[in-house]
Amino acid sequence: MHVVWTRCALALVIVIPFACAQLNQISDTLTNLQRLQFKLGTVHGFRLAGVDISTKASANDFSPIGDGLKLLDAFRSRKLPADFVLDLQVRNPNDGSPGRSAVPATLAGLEFRLLIDDQPTITGMLDREVEIPATGTETTVPIRISLDLYEFFGSRGYDKLIELALAIGGKNGSASRLKLDAKPTVRTKFGLMSYPGRITIVDREFRN
């Protein structure tokens, strides 16, 4: 009986430190990868009801008998589809600088909801994996967005809706009125790891 107990004790002495070490590695990996930083970048290729508005600065730039009429007809039909590309900037600060390990990361997924003027609109998913090198530099991840602006903002009226579209994707547009409420998933040597909570991604600063 004494021999059996000794063997069990020896097994515990070996297994427990090994399990603790692996748990620590998983914890360290998740902590490092949660340092990935996200920011909204450029909006480009904005089309509203099939009209390219990326070169327009105001509603007066639309021909009243051409694109302007097409947009007005779309609004009157209670549909104003918008399609554009939103660049997501991702930065991996785990670059081997003092106090950090050089840990490359693979962004395996990003489940998100798009907010415009803080109003929730569509949901989506990143449709491919993206390598984020451990260099501290930015990686651009283009996300294609499609939604019907009338569905969410039609009550504002035609003029305000055109102003909103131009503020986002026009000649002087930006992502300042957009946010992504997101939950990233990262591929690691231990498998896929999702962030334990959600993050709000804006254009003003990198967040993690």
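From a predicted model like this one, the values you see are computed outputs, not experimental measurements. (Residues numbered from 1 in each chain as written. Predicted model: local features only at pLDDT ≥ 70, side-chain atom pairs only at ≥ 80, totals over all residues. Heavy atoms only, no water.)

Enquirer: Which parts of the structure should I look at to understand the nonpolar core?
Expert: Within soluble globular proteins, side chains that are nonpolar tend to cluster in buried spots. Counting residues in hydrophobic clusters, the biggest one holds 51 residues, and the most contacted among them are Phe46, Leu48, Leu149 and Leu178. Phe46 has contacts with Val51, Asp52, Ile53, Ser54, Ala82, Asp83, Phe84, Leu149, Ala165, Ile168 and Gly169, leaving out every residue within four places of it along the chain. (Core = buried A, V, L, I, M, F, W, Y, C linked by side-chain atoms within 4.5 Å. Buried < 20%, exposed > 50% of the residue type's maximum accessible area, 1.4 Å probe, protein only. Contact = heavy atoms within 4.5 Å.)

Enquirer: When you look at the pattern of salt bridges in this model, what are you seeing that I'm missing?
Expert: Between side chains of opposite charge, pairing is possible as soon as their charged atoms come close. Under the defined criterion, the tally for this structure stands at eight salt bridges. Linking Glu129 and Arg187 is a salt bridge whose minimum nitrogen-to-oxygen distance equals 2.6 Å. With Glu129 in the loop between β5 (119-125) and β6 (130-132) and Arg187 in strand β8 (residues 178-188), this pair connects stretches of sequence that are 58 residues apart. Residue classification places Glu129 among the partly exposed positions, given a relative accessible area of 41%. Linking Glu205 and Arg207 is a salt bridge whose minimum nitrogen-to-oxygen distance equals 2.9 Å. On the basis of relative accessibility, which here comes to 37%, the residue Glu205 falls in the partly exposed class. Under the relative-accessibility criterion, Arg207 is labelled partly exposed at 26%. Through salt bridges with shared partners, one network takes in Glu111, Asp181 and Arg198. (Salt bridge = Lys/Arg side-chain N within 4 Å of Asp/Glu carboxyl O. Helix = DSSP H or I, 4+ residues; strand = E, 2+ residues; numbered from the N terminus.)

Enquirer: Got a minute to help me understand the sheet that holds strand β1 (residues 37-48) in this structure?
Expert: To summarise the sheet geometry, strands pair through backbone hydrogen bonds and adopt either a parallel or an antiparallel arrangement. On the basis of which strands lie adjacent, the open sheet formed by four strands has the order β2-β1-β3-β7 and antiparallel pairing. A strand with exactly one partner marks an edge of an open sheet, and here the two such strands are β2 (51-52) and β7 (138-148). Where β1 meets strand β3 (residues 81-91), eight bridges bridge the pair, whose relative direction is antiparallel. Paired with Arg47 across the two strands is Asp83, which belongs to β3. (Pairing = 2+ DSSP bridges.)

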